[in-house]
Amino acid sequence: MKSSKKLLFFLIAFSFANIIFSQNEDSLTFHKKMEWFKDAKLGIFIHWGIYSVKGIDESWSFFNEYLSHEAYMKQLEGFNAIHYAPQKWAELIKKSGAKYSVITSKHHDGVALWNTKMNDLSTFKKTPAKQDVLSPFVAALKKEKLKVGIYYSLIDWSHPEYPNFTKTQKRYKTDSIKWLKFKQFFQGQLSELSEQYNPDLWWFDGDWEFSAEKWEAQKVRKMLLNKNPNTILNSRLKGYGDYATPEQGLPLTKPKSKYWELCMTMNDSWGYQHNDHNYKTPYEVIRIFADVIGNGGNLLLNIGPKADGTIPSEQIHILNELGKWTKKHEEAIFGSRTGIPKDYFLGTSTLSKNGEILYLFLPGKPNGQIMLKGIKNKINRIRIVGDGTKLSHKVTLHQYWSTKPGVVFIDVPESVVDEYMTVIAVQLKGKIDLGSRE
Ligand code: FHN
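Residues numbered from 1 in each chain as written. Predicted model: local features only at pLDDT ≥ 70, side-chain atom pairs only at ≥ 80, totals over all residues. Heavy atoms only, no water.

1. Digging into the overall build of the protein
The number of helices and strands found in the protein is 13 helices and 15 strands. Principal-axis analysis of the C-alpha atoms places the extent of the protein at approximately 80 × 80 × 40 Å. Here the protein holds 438 residues, and 55% of them are scored as buried. Counting only contacts in the protein whose residues sit at least 6 apart along the sequence, the fraction spanning at least 24 positions is 71%. Here the protein contributes 60 positive and 46 negative side-chain charges, whose respective centroids are spaced 7 Å apart. (Helix = DSSP H or I, 4+ residues; strand = E, 2+ residues; numbered from the N terminus. Buried < 20%, exposed > 50% of the residue type's maximum accessible area, 1.4 Å probe, protein only. Contact = heavy atoms within 4.5 Å. Lys, Arg positive; Asp, Glu negative; His and termini not counted. Charge placed at Lys NZ, Arg CZ, Asp CG, Glu CD.)

This is how it looks when you write it as structure tokens:
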């Protein structure tokens, strides 16, 4: 082959390899960045703002014109945070087993919880709290070695240069000057948050009101990743995010996105609402949490502190009960991976990262033997997680001449059952090998 042809061949081969390598390197870098999030399984969401003063819907109450914007903003006068104890919050979150927390830095009402220099609408400048309540909480999370998530609403229905105001009133339809000024404002706030807090995770909200182009979503992503290439962005940046964020609804099947997080309230409200007593029980929260991790997701469980900075006792109770259960069963939860299809075990399951331990989640009081099908591996041991008790089992419907794996029946004595959810560890010989579904 002539040398010119050799050179051309080499250049084409090199550039092709480079694209593949860089793409692989991009995807390798991306999945490495997501590793802590994939392992974390549990985060605590915090909706804290002036809406806790009256105990009304965050931002939506004036957008939906249940009360005037003026009446809504009067709540600024009641936000005093006199009992705010960020270190105690962080310790409570850590005790729940959560590995990260996401706090509202600014909701759609435009009230910043940090001392933003971009405008005067903040807890620091406009409330009796007279403090930047964000910074001490971020510091407390870092002290507890928890990952920091910052929630930021792209929508700002209070901002004079934001087009939308309430469901029937718009400030303007099209005004390039005003929109340019608003973009400079919100991107300036993001830059402040990025510089001051360098969060591990950005939880955008409100992207639905405009297009990716209008939000300059690609530029925003680039700006944040330039500051910290390892930071993670949720899906609510119009397609420029890293993971899916189903909300207030349990996905019936495993979401398509490799990384996903269900955000959920403990009662029916994001912020503190004294009239909302419809709390999920610890059992219901644990049951939902197990279902989420069995499908490879994270649960972002929300709390809504009061205007004085105290966390409602019902919410503390749920966090404490959840913490007892996650502590006991941590090996089956944190760092686990998606479980096996329901054809093989009719319930929630997870797998250890190396695939050699199958965890079966048994809600409430198991009724009789547990049945497991289609596992080709030899079973070395079956035990109760968090207690070590060995369980007896039998393999039946397995002929020596057949390649069909048998059916495993596991005895679960009453004495080892957990008050919320019992977890069984099935230790396999080698990485799990599922027989065919036929
Ligand atoms: O409009 C908000 C709502 O107030 C709340 O903050 C939730 C939390 O995920 N996000 C938006 C609705 O999807």
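2. Points about the packing of aromatic side chains
Summed over all chains, the structure comprises 35 aromatic pairs. Ring geometry for W48 and Y84: centres 4.7 Å apart, planes at 45°, overall tilted. Of this pair, W48 sits in the loop between β1 (42-46) and α2 (51-54) while Y84 is found in the loop between α4 (69-73) and α5 (86-95), placing the two residues 36 residues apart along the sequence. Classification of W48 by relative accessible area gives buried; the value is 1%. With a relative accessible area of 12%, Y84 lands in the buried category. With a centroid separation of 5.8 Å and an interplanar angle of 15°, the aromatic rings of Y151 and W203 are classed as stacked. Placement of Y151 in strand β3 (residues 147-153) and of W203 in strand β4 (residues 201-205) is noted, with a sequence separation of 52 residues between them. (Phe/Tyr/Trp six-rings, centres within 6.5 Å; stacked < 30°, edge-to-face > 60°.)

3. Re the nonpolar core
Side chains that are nonpolar tend, in soluble globular proteins, to be buried together. In this structure, F204 and L301 are the most contacted members of the largest nonpolar core, which totals 94 residues. A domain split of this core shows at least three residues from each of domain 1 (27-328) and domain 2 (337-428). I340, Y344, L351 and I410 belong to the second largest nonpolar core, which has 23 residues in total. (Core = buried A, V, L, I, M, F, W, Y, C linked by side-chain atoms within 4.5 Å. Domains from an automatic or database assignment.)

4. A short note on the sheet that holds β4
An order of β5-β4-β3-β2-β1-β7-β6 is seen for the seven strands of this open sheet, with the pairing classed as parallel. Because the sheet does not close on itself, it has two edges, and the strands there are β5 (232-233) and β6 (261-264). Where β6 and strand β7 (residues 298-303) come together, four bridges link them in parallel fashion. Counterpart to M264 in the pairing with β7 is L301. (Pairing = 2+ DSSP bridges.)

5. Some remarks on the sheet that holds strand β12 (residues 379-384)
Read across the open sheet, the five strands follow the order β8-β9-β10-β15-β12; overall the sheet is antiparallel. With one partner strand each, in any of the chains shown, β8 (337-338) and β12 form the two edges of the open sheet. Where β12 lies against strand β15 (residues 421-428), five bridges are found, and the strand directions are antiparallel. Its bridge partner lying in β15, I382 is registered against V426. With respect to the sheet, helix α11 (residues 282-294) is in contact with β8, β9 (348-351), β10 (357-363) and β15, its orientation differing from that of β9 by roughly 50°. (Axes fitted to C-alpha atoms, helices over the stretch in contact; angles between N-to-C directions.)

6. As for the domain arrangement of the protein
One frequently used descriptor of interface size is the decrease in accessible area upon assembly of the parts. Looking at the protein, the domain boundaries give domain 1 (27-328) and domain 2 (337-428). Centre-to-centre separation of domain 1 and domain 2, based on C-alpha positions: 38 Å. Carbon and sulfur atoms make up 56% of the surface buried where domain 1 meets domain 2, a total of about 1500 Å² over both sides. When residues of domain 1 are sorted by the area they lose upon contact with domain 2, Y283, W325 and K328 head the list and together hold 37% of the total. Inspection of the region where domain 1 meets domain 2 yields five salt bridges. Summed over the shared surface of domain 1 and domain 2, the number is eight residue pairs in polar contact (both at pLDDT 80 or more). Listing elements by their share of the side of domain 1 that touches domain 2, those giving two or more residues are α1 (3-40), α11 and α12 (313-328). If you tally residues by element for the side of domain 1 that touches domain 2, the top one is α11, at eight residues. A class-by-class count of the residues in the side of domain 1 that touches domain 2 yields six nonpolar, three polar and nine charged. (Buried area = accessible area lost by both parts, 1.4 Å probe. Salt bridge = Lys/Arg side-chain N within 4 Å of Asp/Glu carboxyl O. Polar contact = N/O pair within 3.5 Å; in protein donor to acceptor, adjacent residues only side chain to side chain. Nonpolar A, V, L, I, M, F, W, Y, C, P; charged D, E, K, R; others polar.)

7. Regarding the site of the ligand
Neighbouring the ligand are 14 residues; H47, E58, W60, H108 and D205 lie closest to it. Take H108: an N or O atom from its side chain is 2.7 Å from an oxygen atom of the ligand. Here an oxygen atom of the ligand and a side-chain polar atom of R236 are 3.2 Å apart. Protein contact buries 90% of the 320 Å² of open area that the ligand shows by itself. (Near = heavy atom within 4 Å. Areas by Shrake-Rupley, 256 points an atom, 1.4 Å probe, with all protein chains shown as cover.)

8. Quick word on helix α8 (residues 176-197)
Between its terminal C-alpha atoms α8 stretches 31 Å, which fits the 32 Å expected from 22 residues at 1.5 Å a residue. Positive backbone phi, at 45°, marks N198, one or two positions downstream of α8. (Expected span 1.5 Å × (residues − 1).)

9. Brief notes about α12
Taking 1.5 Å per residue as the helical rise, α12 with its 16 residues ought to reach 22 Å, and the 23 Å between its terminal C-alpha atoms agrees with that figure. For α12, the complete set of buried residues consists of Q315, I318, L319, E321, L322, G323, W325 and T326.

10. Comments concerning the packing of α5 against helix α7 (residues 134-143)
Two elements in contact, α5 and α7, have axes separated by 8 Å at closest approach and are oriented at 40°. Viewed along their axes, α5 and α7 adopt a mutual orientation that is oblique. α7 is crossed by α5, and the crossing has right-handed handedness. Packed against α5, whose contacting residues are P86, Q87, W89, A90 and I93, the element α7 presents P136, F137, A140, L141 and K143 at the interface. Among the residues forming the contact of α5 with α7, the class breakdown is eight nonpolar, one polar and one charged. (Parallel < 35°, antiparallel > 145°, perpendicular 65-115°, else oblique. Left-handed = near helix turned anticlockwise from the far one by under 90°.)

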